[in-house]
Amino acid sequence: RGRGKHTVQLMVLASDDSEQNLKEMLGADGFQRIRNQLYIMRQVGSPPAVMLFFGEYGSEADAQQAQNSLPDFLQNLNPYSLSIEDAVKKAKGGE
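This report concerns the structure included in the present document. Within every chain, residues take consecutive numbers counted from 1 along the sequence as written. Reporting in this predicted model follows two pLDDT cut-offs: at least 70 for local features of residues, and 80 or more for side-chain atom pairs to be given and counted; totals over whole chains, interfaces and linings ignore these cut-offs and use all residues. Heavy atoms from the whole structure form the basis of all side-chain values; hydrogens and water molecules are not counted.

Our next topic: the nonpolar core. Membership of the largest hydrophobic core comes to 17 residues, with the highest contact counts inside it found for Val-8, Leu-10, Leu-22, Phe-31, Leu-38, Leu-52 and Phe-54. Those elements giving two or more residues to this core turn out to be β1 (6–14), α1 (18–26), α2 (29–34), β3 (49–57) and α3 (60–68). When checking whether two residues touch, look at their non-hydrogen atoms; a contact exists if any pair is within 4.5 Å. For Phe-54, the residues in contact, after removing those within four places along its chain, are Thr-7, Val-8, Leu-10, Ile-34, Gln-37, Leu-38 and Leu-70. One finds Phe-53, Leu-82, Ala-87 and Ala-91 within the second-largest nonpolar core, a separate group that totals six residues. Definition used in this section: a nonpolar core is a set of buried Ala, Val, Leu, Ile, Met, Phe, Trp, Tyr and Cys residues joined via side-chain atoms within 4.5 Å. Working definition: with a 1.4 Å probe on protein chains only, accessible area under 20% of the residue-type maximum means buried, over 50% means exposed, and in between means partly exposed. A run of H or I in DSSP counts as a helix once it spans at least four residues, and a run of E counts as a strand once it spans at least two, with each numbered from the N terminus.

Turning our eyes to something else, we now look at the pairing of strand β2 (residues 38–43). Here, a strand pair is defined by DSSP locating no fewer than two bridges between the strands. Sheet topology places β2 next to β3; six bridges connect them, and they run antiparallel. Across the sheet, Gln-43 pairs through a bridge with Ala-49, a residue of β3. Taking the residues between adjacent antiparallel strands as the criterion, β2 and β3 are bridged by five residues.

Turning to the sheet that holds β2, a few remarks are in order. Read from one edge of the open sheet, four strands run β2-β3-β1-β4, paired in antiparallel fashion. The two strands at the open ends of the sheet, each matched to only one other strand, are β2 and β4 (80–83). Pairs of neighbouring strands in the sheet enclose a mean axial angle of 40°, with direction left out of account. The axes are straight lines fitted to the C-alpha atoms, using for helices just the contacting stretch, and the angles between their N-to-C directions are given from 0 to 180°. Here helix α5 (residues 84–91) sits on the sheet and contacts β1, β2, β3 and β4; the angle it forms with β4, its principal contact strand, is near 90°.

Listed below in structure tokens is the structure:
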């Protein structure tokens, strides 16, 4: 599952309040329009972190194209594409 697929990492929030902060951000209008394409992973640690990803794409090129066409408010987060496999590794604390 997810092998060979790619996504776009939008942000990582690492603080004791990261989940609450993310919930507040996701309530904003811009995020409401894309919420069906968002994925959230939690990273256990101190402090705990939440990672926000956008979309699922069949290739790195497709993910990069999606990254380049994100709205400005998301471009400002310095998003980048990566494989879903690498995203899962990051969430597990492997990177």
